[in-house]
Amino acid sequence: MLALNTLRGIRVVAAPHVLDAATWPAHVTALRIAPDDIFAIEATEADAAGVASADSHSIIVDEHGFVGCWLDHQQLEHITRHIEWHAPLHRPALVQGYVAGVPAKIWLTDERSLLLCASPYAADLMERVS
Amino acid sequence: MLWLSCPNCGSRPIEEFGFGGELPTVPDRITDPKERDIDYVWMFDNLEGISIERWFHQAGCRRWHTVERNTITDSVEP
């Protein structure tokens with residue numbers, strides 16, 4: 001049984017070339033949701049100081065609207081049965097789209113994967129993949 | 001099922017997207033700025049053939065993108 005927990009971090013919206021050049025501490029998982037949008041899990045505003053100085057129009061705010069859980073290979077295989085589209089083969093990779101009909105994201109790495117979705121969808125996602 | 005190619009997320013079923021309508025074009029023959037605004041907002045071409053449309057990937061990256069859709073065959077070009 002999967003348990004989704006709140007993912008705390010920061011949301012960084014800035015010019016794509018600034019986000020391309022951004023660096024993050026090792027403990028931070030930075031998910032590139034869109035060319036101009038990053039959700040940096042376990043990051044603080046101080047970690048994005050470089051972005052703020054490089055782009056005066058950047059938006060950096062605390063983000064706690066996502067829930068997620070880490071998956072091992074077996075759990076990931078179970079989740080992928082609920083996906084209609086093809087996940088990329090390269091790692092790491094962020095994939096986004098419907099998982100069991102619920103808008104969700106999966107951060108794929110060689111060791112483990114992170115399933116996450118916006119918190120209002122958490123109950124639906126859990127019900128459908130359990 | 002119709003699939004759209006999101007430039008950020010890749011190929012996804014159309015259920016993941018919201019339709020944003022035609023990308024409006026205003027004929028050059030309309031020169032008055034106010035009339036151009038009215039045409040832009042209200043007048044749709046409803047083409048039979050290649051229609052340039054805006055789609056919103058609401059289940060993924062939540063970004064707009066533009067596609068060319070053939071309204072006769074429903075085939076889509078990114």
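Remember, predicted model here, so these are calculated numbers, not experimental data.

This next bit is on the interface of chain B and chain A. Every contact between the two is made by 14 residues of chain B and, on the other side, 14 residues of chain A. When the two sides are added together, the surface that chain B and chain A hide from each other amounts to roughly 1,000 Å², 51% of it contributed by carbon and sulfur. The largest per-residue losses of area from chain B upon contact with chain A belong to Arg 12, Ala 59 and Arg 63 of chain B, which jointly make up 42% of the total buried on that side. Between Arg 63 of chain B and Asp 36 of chain A there is a salt bridge, with the nearest N and O atoms lying 2.9 Å from each other. Our enumeration of links across chain B and chain A arrives at 8 residue pairs in polar contact (both at pLDDT 80 or more). Of all the elements, strand β2 (residues 10-13) of chain B adds the most residues to the side of chain B that touches chain A, at 3 residues. Along the lines of polarity and charge, the residues of the side of chain B that touches chain A split into 6 nonpolar, 4 polar and 4 charged.

Residues and elements named next belong to chain A. For chain A, the domain assignment lists domain 1 (3-63) and domain 2 (66-127). The gap between the C-alpha centroids of domain 1 and domain 2 is 20 Å. Residue-level contacts link 14 residues of domain 1 with 16 residues of domain 2. By the criterion of area lost to domain 2, the three top residues of domain 1 are Leu 4, Leu 7 and Leu 31, representing 49% of everything that side buries. If you look at where domain 1 meets domain 2, you find 3 residue pairs in polar contact (both at pLDDT 80 or more). Here the residues of the side of domain 1 that touches domain 2 are counted per class, giving 8 nonpolar, 3 polar and 3 charged.

The next point concerns the environment of Cys 6 of chain B. Residues and elements named next belong to chain B. Here Cys 6 lies in strand β1 (residues 3-6). By relative accessible area, Cys 6 is classed as buried at 3%. When the C-alpha atoms of Cys 6 and Arg 69 are compared, they prove to be 14 Å apart, with 63 residues separating the residues in sequence. With near-sequence residues (within four places) excluded, Cys 6 lies in contact with Phe 17, His 57, Cys 61 and His 65.

As a further point, take the pattern of salt bridges. What the rule picks out here adds up to 9 salt bridges over all chains. A salt bridge links Glu 53 of chain B to Arg 69 of chain B, with the shortest nitrogen-to-oxygen separation between them at 2.8 Å. Separated by 16 residues along the polypeptide, Glu 53 of chain B in strand β4 (residues 50-57) and Arg 69 of chain B in strand β5 (residues 64-70) bring together distant segments of the chain. Across this residue pair, the class does not change: Glu 53 of chain B and Arg 69 of chain B are buried. For Arg 69 of chain B, the salt bridge goes to Asp 74 of chain B, with nearest N and O atoms at 2.7 Å. On the basis of relative accessible area, Asp 74 of chain B is assigned to the partly exposed category, the value being 34%. The network of salt bridges with shared partners includes Arg 11, Asp 36, Asp 37 and Glu 63 of chain A together with Arg 63 of chain B.

Procedures and definitions
- Residues numbered from 1 in each chain as written.
- Chains lettered and ligands numbered in written order.
- Predicted model: local features only at pLDDT ≥ 70, side-chain atom pairs only at ≥ 80, totals over all residues.
- Heavy atoms only, no water.
- Contact = heavy atoms within 4.5 Å.
- Buried area = accessible area lost by both parts, 1.4 Å probe.
- Salt bridge = Lys/Arg side-chain N within 4 Å of Asp/Glu carboxyl O.
- Polar contact = N/O pair within 3.5 Å; in protein donor to acceptor, adjacent residues only side chain to side chain.
- Helix = DSSP H or I, 4+ residues; strand = E, 2+ residues; numbered from the N terminus.
- Nonpolar A, V, L, I, M, F, W, Y, C, P; charged D, E, K, R; others polar.
- Domains from an automatic or database assignment.
- Buried < 20%, exposed > 50% of the residue type's maximum accessible area, 1.4 Å probe, protein only.

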